[in-house]
Amino acid sequence: MTEVGPMEAASDPLWEREEEVAAVERALDTLQSDKSSAGSLLVIRGEAGIGKTALLAETRRIAERRGCTVWAARGGETLRSVPFNVVRQLLQPALLSLMPEEAREYLGDWFDIAGPALGIAEPGERRADPQGVCDGLVAAVRRLARREWPLVLLVDDAHWADQETLRWLAAFAERLDDLSVLLVVAHRPGEVSGESARHLDTVAAAGRPLDDLSALTPAATAGLTRATLGPHADAPFCREVWAVTGGNPYETVELLAKVQDSDLEPTEGAAAELRALNRSARGGGLVARLEELGIDATRFAWAAAILGTGISVGLVARLATLEYENASRCADLLRSARILTEPDPASHQVGDGDLEFVHPLIATAVYNSIPDALCTAMHGIAAKVVTDYGFGAAMASRHLLQVHPDSDEELVEQLREAAREHLAVGAPDAARRCLERALVEPPVATVHASVLYELGCATLLTAPARTIAHLQTALAMPGLDSDTRVEAVYRLSQALLHNDQLDEAVRTVEAETARHEDGPARLRLQAVHFMWEGIHAGETSSPGRSERLAELAATCTGRDNSERALLILRGFDAMTHGENAEEVVELCDRALVNGRLAPGLGWTDTEWGIELLMMLAGSYAYSDRLDRAESLYNEALRAYESAGWSGGHLSLAHAYVGLGHRRRGRLREAESSLRESLRLAERVGRGLPLYWSATCNLVDVLLARGHVDEAWSIAEQYGFAPPYPSTIVLPDPRSVRGRLLLAVGRTKDAINELEQAEKAATARGHHNPVLVPWAVDLAPALATEDPVRAARLVSDVRRRAERFGTDTAIGEALRCAAALETGQRAVRLAAQAVAYLEASPCQYEHAAARVEYGIAARSVAELNRGLTLARSCGADGLAAKAREVLDTGRGLR
């Protein structure tokens, strides 16, 4: 219920917590030993009142005595719907103490990403990426830790922390190796489920969990009793204290305070009164004691419980409809009754208010005592009060979520506004809750579909299946204007794509296209339809698709983004089919504006999405225009990093930067980029197209490097095997898998895999021998058992390569042909392959051709050239092959 409780220096000793305190001391020793030391994490678990807060208070006292900087925060039972609530408590005070320019300097590029979530910067125009915000918050602590070292972070009641904070805690805990911070997290076990439980489990796994705190023994209870009431407290009285409280430290302290207040003598004769005193400290007894203070004090306590945080006398007076002087009197009464207290100055923060509950157990008891109908009504009033005080729609929304539905149009609009604010700071789950509550109101018929549409957009990245249902319902209702309807269809098709329902995505867009007359809306839908069909890896494409696309693109001049999209799609289609590469490049160039992406078609623009631009860059990459492809890939990486998009988009950007390095022959750099891509993809989830892109490309690079065992290990670890995704992956995963099987000696399985690649490519009309290179590996594999078919495959590869016309395609076809020949014919073909690949931008293929030519021609000079090239590329296996032939020396000249 409270945002930050008082973590006071313990006035009494911590009874029977010597082991836990010793663990804290050791962790502080490690933290202070070296400014560059790795961070550490302690996890304190225990039931309510068992002493978690007291142990955190002792940790604070010890750390501050040693000269450490200590920041603290606490989760609140009614504040779990407030995104970034707990992390703001931790970091906001330190950042607000800086001048704005200092804060921007410390956070650097992360200021605009994490700043809005921390409440120190205004949100940007685009929706924030949740993973990017999470990474930005980790980076914020990393930078602040250098400034504030040695830094200790204390998080109490983490089981009540908001989802966004728990996500950050989990990410932070996993990166403590390069964060010189001591993090101490306290929570009750078994209090949360779902995503929150998963995040807390991640925190626990990354840290050093202390044993669950146990209740005080009778001896410790007697010691605490005598330390509080005096040494004259007799043994029967002390035993009864333990029997009544069960050794729960909080209940023991509260009971002893009641004994002092009542002037009860701590003797055996008075022990019978302890149970009645204990009941008055909690549950129904606490409620009865509260009622004894009067109706005004009760209303004040209820209002404080409703607010949960920022409990100021003025705010509570407004909510409880009390005069300020009367409210101040009630506050004094509640302080005297140990229900409310003033915040500890050491942990007090701006906006915390004047008061807080003495303990979360009291806050919970007071909140639960409010009659249901009155509680709901007070939340409604609180929403207005919070808004009037300027805290914004997002803060008011936690109260609106509790209000009974009543067809209130204004409430629906407030929740929609709150959802927009949540999305702007990277909290889509909070936005979803607001919009789902708006639907329950319900909205009037004219805006119902719009709320469903907004809800679908809010859940697009986190719950594609839920998005599909929302958007399908919205599209079946009246109320969406023409432009919004087209956008809803596009978002629905995206959700279907992300949910691996690409067939349905294609049909959805196709059906909507048929509803529109010629015009901008229809043209955009046609482009989206062709886009989804273009990345579909299904058995066949729709009849006449390429012809229809070519006919439509022929009318496009690139005057708007729909026309530019169609030009890109036509270029990609031509590239995959192996049409003339110069025409592919010309189509792609026409889609640019002065050689750059048009406004509205940038990497972070959401109107068209990442798929279209990846198709553009891929068309350049496989048409030997690697300069333009790499420019686009690097632009994507910069755009996503600067915008804080560190989820699936950034994973794909790293994958395609890796692809660019691979095409260039920079294999070490490619491997580094692809490992980062795979790391990011793991956070998003396995099985998605982006996951396949990272894995497939990494296996391909490791094979090129000659690291066959590692390539096989990656394939086994990450499931690089059939069934394949429904979307196109570059390069073709079946071809890469076939090459892997050949490399590990499973020739029969490799032939089967490559024949499946042939079947799939033929069905789709994908005849680009560089993009789908199954034939250049299948032909040599068949050379012994079926030389006629192998020769036919080589002939087909050469014909298709010459039709496509790039130096890489022709050079690779000649390499394949040379591998099937012997004698001078093999030498001539290898020499021709070298000539083409020397002019190609693909240096690994050039290196391989040099080595193969050197072996065929028995040329020391060519082998040395190939060896030098192989080493520069990082192709260790190829270099070893050349070195072995040179060392043997037999027959060389």
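Up top you'll find the structure we're talking about.
Residues numbered from 1 in each chain as written. Predicted model: local features only at pLDDT ≥ 70, side-chain atom pairs only at ≥ 80, totals over all residues. Heavy atoms only, no water.

**Q** Just give me the short version of the packing of aromatic side chains, but keep the residues and values in it.
**A** Using the criterion set out here, one finds eight aromatic pairs in the structure. Their ring planes at 75° and their centres at 6.3 Å tell us that Trp603 and Tyr640 sit as a pair that is edge-to-face. Of this pair, Trp603 sits in the loop between helix 29 (581–590) and helix 30 (610–621) while Tyr640 sits in helix 31 (residues 626–643), and the two are 37 residues apart along the sequence. For the pair Trp603 and Tyr640, one class covers both residues: buried. (Phe/Tyr/Trp six-rings, centres within 6.5 Å; stacked < 30°, edge-to-face > 60°. Helix = DSSP H or I, 4+ residues; strand = E, 2+ residues; numbered from the N terminus. Buried < 20%, exposed > 50% of the residue type's maximum accessible area, 1.4 Å probe, protein only.)

**Q** Would you mind going over the sheet that holds strand 2 (residues 69–74) in detail, with residue names and values included?
**A** Taken together, the five strands give an open sheet; going across it, the order is 2-3-4-1-5, and neighbouring strands pair in parallel fashion. In the strand order of this sheet, the two ends are held by strand 2 and strand 5 (208–209), each with one partner. Inspection of the sheet shows strand 1 (residues 40–45) paired to strand 4 (residues 181–187) by six bridges, in the parallel sense. Residue pairing across strands places Val43 opposite Val185, the latter belonging to strand 4. (Pairing = 2+ DSSP bridges.)

**Q** Break down the packing of helix 30 against helix 32 (residues 648–664) for me, citing the residues and quoting the values.
**A** Packed helices, taken two at a time, are described by their axes: the angle between them and the distance between them. As a packed pair, helix 30 and helix 32 sit with axes 11 Å apart at the nearest point and diverge in direction by 5°. On the basis of the axis angle, helix 30 is roughly parallel to helix 32. For the pair helix 30 and helix 32, contact is made by Ile610, Met614 and Ala621 and by His649, Leu652, Ala653, Tyr656 and Arg663, respectively. In terms of residue class, the contact of helix 30 with helix 32 is built from six nonpolar, one polar and one charged. (Axes fitted to C-alpha atoms, helices over the stretch in contact; angles between N-to-C directions. Parallel < 35°, antiparallel > 145°, perpendicular 65-115°, else oblique. Contact = heavy atoms within 4.5 Å. Nonpolar A, V, L, I, M, F, W, Y, C, P; charged D, E, K, R; others polar.)

**Q** I'd like to hear about the pattern of salt bridges, residue by residue, with values.
**A** For the structure on display, the rule yields 62 salt bridges. Here Glu413 makes a salt bridge to Arg416, at a shortest N to O gap of 3.0 Å. Remark: Arg416 and Glu413 occur in helix 20 (residues 409–424); sequence separation between them is three residues, near one turn of the helix. A salt bridge links Arg570 to Glu579; the shortest N-O distance between them is 2.9 Å. The two residues Arg570 and Glu579 agree in class, both being buried. A network of salt bridges, in which partner residues are shared, links Glu533, Arg545, Arg570, Asp573 and Glu579. (Salt bridge = Lys/Arg side-chain N within 4 Å of Asp/Glu carboxyl O.)

**Q** I'd like a rundown of unusual backbone geometry, residues and numbers included.
**A** Put simply, Pro722 and Pro723 share a cis peptide bond, and its omega is 0°. Cis rather than trans, the peptide bond between Leu730 and Pro731 has omega equal to -5°. Summarising the element assignment, Pro731 is placed in the loop between helix 35 (708–717) and helix 36 (733–743). One non-glycine residue with positive phi stands out, namely Asp263, at about 55°. Mapped onto the elements, Asp263 comes out in the loop between helix 11 (249–261) and helix 12 (274–279). Of note, Ser407 is a non-glycine position whose phi angle comes to about 50°, a positive value. As for its position among the elements, Ser407 is in the loop between helix 19 (393–400) and helix 20.

**Q** Explain the pairing of strand 4 to me, using residue names and the numbers behind them.
**A** The buried fraction of strand 4 is high, at seven of seven residues. Here strand 4 shows two buried faces, one formed by Val181, Leu183, Val185 and His187 and the other by Leu182, Val184 and Ala186. In the sheet, strand 3 (residues 151–156) pairs with strand 4 via five bridges, with the strands oriented parallel. Looking across to strand 4, one finds that Leu151 is bridged to Val181. Each parallel crossover has a hand, and for strand 3 linked through helix 7 (residues 163–174) to strand 4 it is right-handed. (Right-handed = clockwise from strand over helix to strand, strands pointing away.)

**Q** Account for the side chain of Ser196, naming residues and giving values.
**A** With respect to the secondary-structure elements, Ser196 resides in helix 8 (residues 194–206). Separated by 2.7 Å, the side chains of Ser196 and Gln163 make a polar contact. Discounting residues that sit within four places of it in the chain, Ser196 has contacts with Gln163 and Leu166. (Polar contact = N/O pair within 3.5 Å; in protein donor to acceptor, adjacent residues only side chain to side chain.)

**Q** Outline the packing of helix 22 (residues 445–458) against helix 23 (residues 464–475), listing residues and values.
**A** At a minimum axis separation of 8 Å, helix 22 and helix 23 run at an interaxial angle of 155°. As judged from the angle between their axes, helix 22 and helix 23 are roughly antiparallel. The chirality of how helix 22 crosses helix 23 is left-handed. Contacts between helix 22 and helix 23 involve Ala449, Leu452, Tyr453, Leu455 and Gly456 on the former and, on the latter, Thr467, His470, Leu471, Thr473 and Ala474. Across the contact of helix 22 with helix 23, the residue classes break down as six nonpolar, four polar and no charged. (Left-handed = near helix turned anticlockwise from the far one by under 90°.)

**Q** If you had to explain the nonpolar core to someone new, which residues and values would you point to?
**A** Phe300, Phe357, Trp532 and Trp603 are the most contacted members of the largest nonpolar core, which totals 201 residues. Not counting the four nearest positions on each side in its chain, Trp603 is found in contact with Leu597, Ile610, Leu613, Met614, Leu632, Glu635, Ala636, Ala639, Tyr640 and Trp645. Counting residues in each nonpolar core, the second largest holds 51 residues, with Leu90, Leu98, Ala103 and Val185 among its members. (Core = buried A, V, L, I, M, F, W, Y, C linked by side-chain atoms within 4.5 Å.)

**Q** Please set out the state of the cysteines residue by residue, giving values where relevant.
**A** Within the structure shown, the criterion is met by zero disulfides. Free cysteine: Cys457, not disulfide-bonded; nearest cysteine sulfur from Cys434 at 16 Å. Taking the relative accessible area as the measure of exposure, Cys457 reaches 14% and is therefore buried. (Disulfide = S-S within 2.5 Å.)

**Q** Quick rundown of the pairing of strand 1? Include the residues and the values.
**A** Across a regular strand the side chains alternate sides, sitting on one face of the sheet and then on the other. Here strand 1 lies mainly inside the structure; five of its six residues are buried. Here strand 1 pairs with strand 5 via two bridges, running parallel. Within the sheet, the bridge partner assigned to Leu42 lies in strand 5 and is Arg208.

**Q** Before we move on, can you summarise the environment of Asp876 with the specific residues and values?
**A** Mapped onto the fold, Asp876 is located in helix 44 (residues 876–888). Distance from Asp876 to Arg705, taken between C-alpha atoms, is 5.3 Å for residues 171 residues apart in sequence. If sequence neighbours within four positions are ignored, Asp876 has contacts with Arg705 and His707.

Shape is all these values report; function is a separate question.
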